[in-house]
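Overview (structure and organization)
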Amino acid sequence: MSKILVVAEHRDGVLRQVTYEAIQAATLSSAENDQLHVAVIGHQLESLTESLSRIDAEKVYLTDHPDLQQYNPEAYATALKQVIDASNPDGIIFGHTAIGRDLAPIISAKIDAGQISDVTNIENVDDQVVFTRPIYAGKAFEKKVFQSSPWVVTIRPNNISAADPSDGKAEVENIEYAKPASLRTVIQDVVRNTSGKVDLSEAKIVVSGGRGVKSADGFKPLQELADLLGGAVGASRGACDADYCDYSLQIGQTGKVVTPEVYIACGISGAIQHVAGMSQSKIIVAINKDPEAPIFKIADYGIVGDLFEVVPLLTEEFKKVLG
Ligand code: FAD
């Protein structure tokens, strides 16, 4: 029997969707009698306890301390290492999120584990767990197995279907945070970018703008369409570099990786570094006035036209359908 530890993520008292996906990933990577453990780190975690206890896990480890209110790599790595010592897992699963991408390698180094990042699929083949991840900016996939345990993986959000809440009450164990003598970095303040209503990395619909949007104001019709569809706005690095929008919206190799149901690329040429962050979207719609733009090669639907005409038209049509 082996044990899989899922590292939960939460925000504003709510578990993030990727945590339920990681729990499902744990199920896919384990055999029948394996145990699921969940680590929850933060401060004032009472609001989460109930939803966590509805997860079909054997154990939930809670580490609650004021120093863990905000993500701090050193503090979180210390807290998580304590959980790992208590849980003694064979495998650890993180979301491939800003936190997971940062924390997973620190933990892998601490516990001398192999790591596979950005996993999009997990299969059990002949009693071996096979992890699939995209390579070459999504142009190919590689399948990997671990030769030893413990192992660490990060899973790409929106790829593995989320586990349903269940009645399986988990045993909750509190782990007292052994605060390091001193932290090399301390979070003093978190300034929130409140522009997006929907979290970009978890959005089901992403409306993205590139240099073709031409100005910060040019993003307004995109935001209107995204709001109507309950989606989020993203951007190419071209748009971010031109100061049309914040870098937190950048999608691509050096930005966020998104896998929405629908990705609408407006005025984006389709450079390989951008495609690396969105090519796994279920449906790709491209709006570009250049019929030769490379984005059309990966688009399921292409509209050759001026985005300032096409996007408002789409919004009007969706308004009619959605009421
Ligand atoms: P452009 O390539 O200038 O394309 C603009 C498009 O808009 C054109 O196709 C044009 O036909 C179209 N257009 C113009 N006006 C209109 C209109 N009115 N209506 C419709 N279409 C219109 N890029 C990323 O996006 N993400 C990354 O993470 C990233 N990382 C990088 C890392 C490295 C190491 C390097 C070297 C580059 C990286 N880049 C990244 C940059 C990338 O190479 C491209 O330069 C960038 O993606 C181009 O952005 P763009 O498509 O918005 O701009």
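None of these values were measured; they are calculated from a predicted model.

Right, let's talk about the overall build of the protein for a bit. Helices and strands together make up the secondary structure of the protein, namely nine helices and 17 strands. Once the C-alpha set of the protein is aligned to its principal axes, its extents read approximately 60 × 50 × 40 Å. Counting only contacts in the protein whose residues sit at least 6 apart along the sequence, the fraction spanning at least 24 positions is 63%. Separation between the mean location of the 29 positive side-chain charges and that of the 43 negative ones in the protein comes to 5 Å.

Looking now at the sheet that holds strand β14 (residues 232-235). Read across the open sheet, the five strands follow the order β14-β13-β15-β16-β17; overall the sheet is parallel. With partners counted over all chains shown, the strands left at the sheet margins are β14 and β17 (301-304), one partner each. Each strand axis lies, on average, 20 degrees off the axis of its neighbour in the sheet, ignoring direction. Bridge count for strand β13 (residues 205-209) against strand β15 (residues 262-266) is five bridges, and the pairing is parallel. Looking at β15, one finds that Gly 209 is bridged to Cys 266. Contacting β15, β16 (283-288) and β17, helix α9 (residues 307-322) crosses the sheet at an angle of about 135 degrees to β16.

Around the ligand, the structure places 26 residues, and the nearest of them are Arg 211, Ser 236, Thr 254, Ser 269 and Asn 288. Interatomic distance of 2.7 Å between a backbone N/O atom of Arg 211 and an oxygen atom of the ligand. In the model, an oxygen atom of the ligand is placed 2.8 Å from a nitrogen or oxygen of the Gln 273 side chain. In the complex, 77% of the free accessible area of the ligand, which totals 980 Å², lies under the protein chains. Looking at the shell around the ligand, the elements with two or more residues in it are α6 (237-241), α7 (272-275) and α9. Of the residues belonging to the shell around the ligand, the class tally is five nonpolar, 15 polar and six charged.

Taken as a whole and judged by the stated rule, the model has 18 salt bridges. We note a salt bridge from Arg 11 to Asp 199, for which the minimum N-O separation is 2.8 Å. With Arg 11 in strand β2 (residues 10-11) and Asp 199 in the loop between β12 (171-174) and β13, the pair connects residues that are 188 residues apart, well separated along the chain. A salt bridge links Asp 85 to Lys 81, with the shortest nitrogen-to-oxygen separation between them at 2.9 Å. Here Lys 81 and Asp 85 lie together in helix α3 (residues 73-87), a separation of four residues that amounts to about one turn. The network of salt bridges with shared partners includes Glu 9, Arg 11, Arg 16, Asp 199 and Glu 202.

Take the pairing of β16 next. Across the six residues of β16, five count as buried, placing the element largely inside the fold. Where β15 lies against β16, five bridges are found, and the strand directions are parallel. Residue pairing for β16: Cys 266 is matched across the bridge by Ile 287. Taken together, the four bridges between β16 and β17 define a ladder with parallel strand orientation. When the sheet's bridge partners are listed, Val 285 is paired in β17 with Tyr 301.

In this section: the sheet that holds strand β8 (residues 121-125). Strand order in this open sheet of three strands is β8-β9-β10, and the pairing throughout is antiparallel. Looking at strand neighbours, the two that pair on one side only are β8 and β10 (140-144), the edges of this open sheet. Within this sheet the neighbouring strands show an average axis-to-axis angle of 30 degrees, counted without direction. The pairing of strand β9 (residues 128-135) with β10 spans five bridges and is classified as antiparallel. Counted as the bridge partner of Thr 132 is Lys 143 from β10.

Partitioning the protein into structural domains gives domain 1 (3-174) and domain 2 (205-322). Placing a centre on the C-alpha atoms of domain 1 and another on those of domain 2 gives a separation of 31 Å. Between domain 1 and domain 2, the contact holds nine residues from the first and ten residues from the second. Where domain 1 abuts domain 2, roughly 810 Å² becomes buried across the two surfaces, and 48% of that area is made up of carbon and sulfur atoms. Taken as a group, Ala 137, Arg 156 and Asn 158 account for 53% of the area that domain 1 buries against domain 2, more than any other trio of residues on that side.

Once that is clear, we can look at the packing of aromatic side chains. One pass over the full model with this rule turns up four aromatic pairs. Ring centres of Phe 131 and Phe 146 lie 5.4 Å apart, and the angle between their planes is 75 degrees; on these two criteria the pair is classed as edge-to-face. With a gap of 15 residues between them, Phe 131 in strand β9 and Phe 146 in the loop between β10 and β11 (151-155) connect regions that are remote in the sequence. Residue class for Phe 131 comes out buried when judged on its relative accessible area of 1%. Each member of the aromatic cluster is reached from another via a ring pair, and the members are Phe 131, Phe 146 and Trp 151.

Cut-off values and rules
- Residues numbered from 1 in each chain as written.
- Predicted model: local features only at pLDDT ≥ 70, side-chain atom pairs only at ≥ 80, totals over all residues.
- Heavy atoms only, no water.
- Helix = DSSP H or I, 4+ residues; strand = E, 2+ residues; numbered from the N terminus.
- Contact = heavy atoms within 4.5 Å.
- Lys, Arg positive; Asp, Glu negative; His and termini not counted.
- Charge placed at Lys NZ, Arg CZ, Asp CG, Glu CD.
- Pairing = 2+ DSSP bridges.
- Axes fitted to C-alpha atoms, helices over the stretch in contact; angles between N-to-C directions.
- Near = heavy atom within 4 Å.
- Polar contact = N/O pair within 3.5 Å; in protein donor to acceptor, adjacent residues only side chain to side chain.
- Areas by Shrake-Rupley, 256 points an atom, 1.4 Å probe, with all protein chains shown as cover.
- Nonpolar A, V, L, I, M, F, W, Y, C, P; charged D, E, K, R; others polar.
- Salt bridge = Lys/Arg side-chain N within 4 Å of Asp/Glu carboxyl O.
- Buried < 20%, exposed > 50% of the residue type's maximum accessible area, 1.4 Å probe, protein only.
- Domains from an automatic or database assignment.
- Buried area = accessible area lost by both parts, 1.4 Å probe.
- Phe/Tyr/Trp six-rings, centres within 6.5 Å; stacked < 30°, edge-to-face > 60°.

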